[in-house]
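Fold and contact review
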Amino acid sequence: MNGNGEICIGMAGAGRAAELHLSALKRFGGLPICRKHIIARRWEQINEMKNRFGFQNASTDFDDLLNDPEIDVIDVCTPPYVHESMVLAALEAGKHVICEKPLSGYFGVDGRNEDIGDRVTKAAMFDELMRSLEKIKAAVDKSDRKFMYAENFIYAPAVRKAAEIISTKRSRILFAKGEESLKGSSSRVAGEWNKTGGGTFLRTGSHPLSAVIWLKEIEGRARGENIFVQSVMADMARITPMLSEYEHRHIAARPRDVEDFGLAILTFSDGTKATIMATDTLLGGSKNCIELYCNDTVINCKLTLSDLMETYFLDEERLESVYLSEMLPSKTGWNRVALDDEIIRGYADEMKDFMECIYFDREPQSGFGIAYETIKIIYAAYKSAELGRSVSLEGTS
């Protein structure tokens, strides 16, 4: 901390994930925070974020964050292919780490990184991922710093309430459904495996996947059991390339060697099931939901699209600066408005938890374990889809 007793933040990245984290921090006024330094690759993004959120310093060099003795925590909001190197360097430098999803992935190892989603088998990717995860795990275990996994679904009020109910009633989740779907990504590299480590199932499906895994862990703790994902059966597809340019005009997905549809069936160690779905073919905003079918209750968690407020516009005049919902192609007609998006989708409580972990020296509710399991299961799903059969996860952690 600096001389004023503030938690000093170093931000790596200046894209959408960084914007969400920093906007969430604005909602949290409980502890003194210093936005010390932001780095990214493009100055136009850096300057916009520096001015908007009040960072003291800015540059394009990640080492500037590592070498600043006042910086307590580095928030890694960069493209996934540099997550591992940044996390390892930050821990080595004695910094706490917040890591945006995914923790790691396969991005190529042979110097020929183009089209690796089509060239490299998913079985080989899974094996390489596990080596990467064990390397990061060793560094986290060795360090006395906090590792905080930025999975906002775990902090969403609806999911937190579901956890409270499951824990209090000791309900059994017999079947769970999770989905995040939208019209594609705003990232220019979202269609390239060597930058993202996968397609929509990783990019968006990781959110409901983590939430379902976490809720089953909550159930297990309440019942004195260790519940984990035992096997995965999945199907992946690349659908939107079949569209003509005209047919494609409303969909942002441009997959090169990644999937734009993913569906996985999880089997847990207690014999229960879950399905996780993610697509880049949903128009009208983003769909984020968790459904729980239990022995004594049914719980539906609808993060978006909510029905707290609806609007009807005949035109978009003077609405340029008005945010209605993520990935909304048009503000005309009827739309459901995402009120307090940072709160409803969990970002505010996520960043609150992380800052309190640093300040009060306690462990985060979303830590390394869930980060490890989520990406492992995603790559097991990729492997399953390629092999056309179920993939066992026993003995992989």
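Just above sits the structure.
The following paragraphs examine the structure supplied in this document. (Residues numbered from 1 in each chain as written. Predicted model: local features only at pLDDT ≥ 70, side-chain atom pairs only at ≥ 80, totals over all residues. Heavy atoms only, no water.)

Taken as a whole, this structure holds 9 aromatic pairs when the rule is applied. Pairing Tyr-312 with Trp-334 gives two aromatic rings, centres 5.3 Å apart and planes at 50 degrees, and the pair type is tilted. With a gap of 22 residues between them, Tyr-312 in strand 13 (residues 310-313) and Trp-334 in strand 14 (residues 333-336) connect regions that are remote in the sequence. An aromatic cluster is built from Phe-147, Phe-368 and Tyr-372, whose rings are joined through pairwise contacts. Taking the ring centre of Phe-268 as reference, the NZ or CZ of Lys-216 above it sits at 5.3 Å. (Phe/Tyr/Trp six-rings, centres within 6.5 Å; stacked < 30°, edge-to-face > 60°. Helix = DSSP H or I, 4+ residues; strand = E, 2+ residues; numbered from the N terminus. Lys NZ or Arg CZ within 6 Å of the ring centre and 35° of its normal.)

On to the side chain of Glu-179, then. By the secondary structure assignment, Glu-179 is in strand 7 (residues 173-181). Among the residues examined, Glu-179 registers a relative accessible area of 12% and is labelled buried. A polar contact of 3.4 Å, which involves the side chain of Glu-179, links it to the side chain of Lys-287. Ignoring sequence-local partners within four residues, the contact set of Glu-179 consists of Pro-208, Met-277, Lys-287, Asn-288 and Cys-289. (Buried < 20%, exposed > 50% of the residue type's maximum accessible area, 1.4 Å probe, protein only. Polar contact = N/O pair within 3.5 Å; in protein donor to acceptor, adjacent residues only side chain to side chain. Contact = heavy atoms within 4.5 Å.)

Attention now goes to unusual backbone geometry. With an omega dihedral of -10 degrees, the bond running from Lys-101 to Pro-102 counts as a cis peptide bond. Omega for the bond connecting Thr-304 with Leu-305 falls within 30 degrees of zero, at -5 degrees, which places this linkage in the cis form. Considering the arrangement of structural elements, one finds Leu-305 in the loop between strand 12 (298-304) and strand 13. Despite not being glycine, Asp-115 has its phi angle at roughly 55 degrees, a positive value.

Compared with the 26 Å implied by 1.5 Å per residue over 18 residues, the 26 Å span of helix 10 (residues 206-223) between its first and last C-alpha is a close match. Of all the 18 residues making up helix 10, 15 are buried; the element is thus mostly covered by neighbouring parts of the structure. (Expected span 1.5 Å × (residues − 1).)

This next bit is on the sheet that holds strand 8 (residues 229-237). Pairing within the open sheet is mixed, and its 7 strands lie in the order 12-11-7-10-9-8-15. What marks the edges here is a single partner per strand, and that holds for strand 12 and strand 15 (391-392). The sheet contact formed by strand 7 and strand 10 (residues 273-279) spans 7 bridges and is parallel. Across the sheet, the residue bridging to Glu-180 is Ala-278, located in strand 10. With respect to the sheet, helix 7 (residues 157-169) is in contact with strand 7, strand 11 (287-294) and strand 12, its orientation differing from that of strand 12 by roughly 165 degrees. Helix-sheet contacts for helix 13 (residues 368-387) involve strand 8, strand 9 (261-268) and strand 15, and the interaxial angle to strand 8 is about 60 degrees. (Pairing = 2+ DSSP bridges. Axes fitted to C-alpha atoms, helices over the stretch in contact; angles between N-to-C directions.)

Attention now goes to a nonpolar patch on the surface. Together, Leu-308, Met-309 and Leu-339 make up a nonpolar patch on the protein surface, roughly 270 Å² of accessible area in all. Secondary-structure assignment places Met-309 in the loop between strand 12 and strand 13. Overall, Met-309 belongs to the partly exposed group, its relative accessible area being 37%. (Patch = residues over 30% accessible without salt bridge, like charges linked within 9 Å, V, L, I, M, F, W, Y side chains within 5 Å. Areas by Shrake-Rupley, 256 points an atom, 1.4 Å probe, with all protein chains shown as cover. Salt bridge = Lys/Arg side-chain N within 4 Å of Asp/Glu carboxyl O.)

For Thr-78, the location among the structural elements is in the loop between strand 4 (73-76) and helix 4 (83-92). Contacts of Thr-78, omitting those with residues within four sequence positions, involve Ala-12, Gly-13, His-83 and Met-86.

In this structure the tally under the stated criterion is 35 salt bridges. Linking Asp-280 and Arg-203 is a salt bridge whose minimum nitrogen-to-oxygen distance equals 2.5 Å. With a gap of 77 residues between them, Asp-280 in the loop between strand 10 and strand 11 and Arg-203 in helix 9 (residues 200-203) connect regions that are remote in the sequence. Here Arg-203 falls in the buried class, since its relative accessible area comes to 15%. Residues joined in a network through salt bridges with shared partners are Arg-16, Glu-19, Arg-52, Glu-326, Asp-341 and Arg-345.

Buried residues of helix 4: His-83, Met-86, Val-87, Leu-88, Ala-90 and Leu-91, and no others. Where the residues of helix 4 are buried, they touch strand 1 (7-12), helix 3 (63-66), strand 4, strand 5 (96-100), helix 6 (122-142) and strand 6 (147-150). With its phi angle positive at about 80 degrees, Gly-94 sits one or two positions after the end of helix 4.

Moving on, we get to the pairing of strand 4. Burial along strand 4 is two-sided: Val-73 and Asp-75 facing one way and Ile-74 and Val-76 facing the other are all buried. Pairing of strand 1 with strand 4 involves 4 bridges; the strand directions are parallel. Its bridge partner being in strand 4, Ile-9 is matched across the sheet by Val-73. With 4 bridges joining them, strand 4 and strand 5 adopt parallel strand pairing. For Ile-74, the partnering residue across the bridge sits in strand 5 and is Val-97.

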